[in-house]
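# Survey of secondary and tertiary structure
Listed below, chain by chain, are the residues.
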Amino acid sequence: MNQQASLLGKVAAYTEILIKDPSSTIFVSLAEIYRKMGLFDDAVQILTKGFEKHPDLAPAHIVMGRIQCQQGDYQLSSQSFETALKFDPESLAALVGFARVKILLEDYESAREILTQARSLSPADPVINKLILSLPEAEQPEEITSGELDKKPESSTTSTLLSVTIADLHYSQGNEQEALAMYRQLSEKDPDNLELRRKIRQIEQALDSHDVTEVEPVQGDPETDSLNTVSDNNSIETALMTGGQEQPKISNNDATDADTQFMVDELNRWLVNIAKRRENV
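Notes on the structure follow.

Definitions and cut-offs
- Residues numbered from 1 in each chain as written.
- Predicted model: local features only at pLDDT ≥ 70, side-chain atom pairs only at ≥ 80, totals over all residues.
- Heavy atoms only, no water.
- Salt bridge = Lys/Arg side-chain N within 4 Å of Asp/Glu carboxyl O.
- Helix = DSSP H or I, 4+ residues; strand = E, 2+ residues; numbered from the N terminus.
- Buried < 20%, exposed > 50% of the residue type's maximum accessible area, 1.4 Å probe, protein only.
- Core = buried A, V, L, I, M, F, W, Y, C linked by side-chain atoms within 4.5 Å.
- Contact = heavy atoms within 4.5 Å.

Any two side chains of opposite charge can pair, given that their charged atoms come close. Taken as a whole, this structure holds five salt bridges when the rule is applied. The partner of R35 in a salt bridge is E32, and the shortest N-O contact between them spans 2.8 Å. Residue R35 and its partner E32 are located together in helix α2 (residues 27-36), separated by three residues, close to a single helical turn. The class for R35 is buried, based on a relative accessible area of 10%. Of the charged contacts in the structure, one is a salt bridge between D107 and K102, with a shortest N-O distance of 3.9 Å. The exposure class of D107 is partly exposed, given its relative accessible area of 28%. Three or more residues joined by partner-sharing salt bridges are found here, namely E32, R35 and R66.

See below:
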C-alpha cells in the first residue's frame, strides 16, 4: 500500500512538471510508473505524445519495448529495443530487455550475441551473467556432431536455468498462470529447491488475494534501474520533494497552448483512473 501511495505521489509530481513544461523528458519516468501499475494504454499514450518532441530519446523506446513485451507483442518489442540501441548503443537496459525478448522468442543465438555485448560493457553484472548461463549451449558444427558418440546431451543444469529464466520472464510479463505451472514442474524435479517453493507460494498467495505483486527484482538489474538520465536535475529534485504527497487535481490555469491543454486533460483522466484503481487495492 505504501508503495502504491509512493507511485501515486510521483505521478502527481511528474504530472505537474509536464504541465509546466510539456517538452520535459520526465514523461519517460511517468510512463514507466504507469507501466509498473499495469496502466499500459495510458503509458503508451504519454509515450506517443512524448515522441512528437523527443523521437530520438532512447529511454522512451526502452519503456515502450517493455510494455509491448508485457503485452506479448515480442516482434514490436524487438523493434523498440532496436530503435533504443540505435540512439544509445551502450544502453544496458536496452540490451538486457532486447535479450529477454529474444529468449521469449527462443532465438537463443541472438540473445547470446546481445548479452555478450552487454557483458563487455559490464562484466560483473549478475543479471547479465545469469541470463548468459541460462542459455542452452551453442550448437556444434555438423561435422563434429554427425556421430552419435560426438553428440553431447544438453546439461540438466543449463536446461533448469533456462526454464527458471523463462518462468521468471512470464511472471514479470503478467502471465502468472503460465509461470506458476512452470515453477511447479521444476519443483517436482527438484523438490529441495526452496527458492522455487518460495516463488510458487508467492504467486499462489498473490492470485488468492487478487493483488499480484512483481517477483522481487535481482539487485542491480539494468531493466529495473531508474531512468534518471532522461530528466534534468531540477525535474528530479522537484519530483522527489513532492513525491510523497497525495496527488492533486490538476488545474487548467497554466494551460496556455494546445500541447499543454492536451496534457492537462489527459493527465487529469489518468489520475482519476489511478485513484479508482487505488480504491480497489
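Next up on the list: the nonpolar core. With 28 residues, the main nonpolar core has I62, I103, L115, I128, L131 and L135 as its most contacted residues. Those elements giving two or more residues to this core turn out to be α4 (58-70), α5 (74-87), α6 (92-104), α7 (108-121), α8 (126-134) and α10 (156-172). Per-element tally for this core: the top contributor is α6, with nine residues. With residues up to four places along the chain from it excluded, the contact list for I128 reads L92, V96, L115, A118, R119 and S122. Core analysis: the next-biggest nonpolar cluster, separate from the first, contains 25 residues, I17, L39, L47 and M64 among them.

Everything listed here is a matter of geometry and, on its own, says nothing about what the molecule does.
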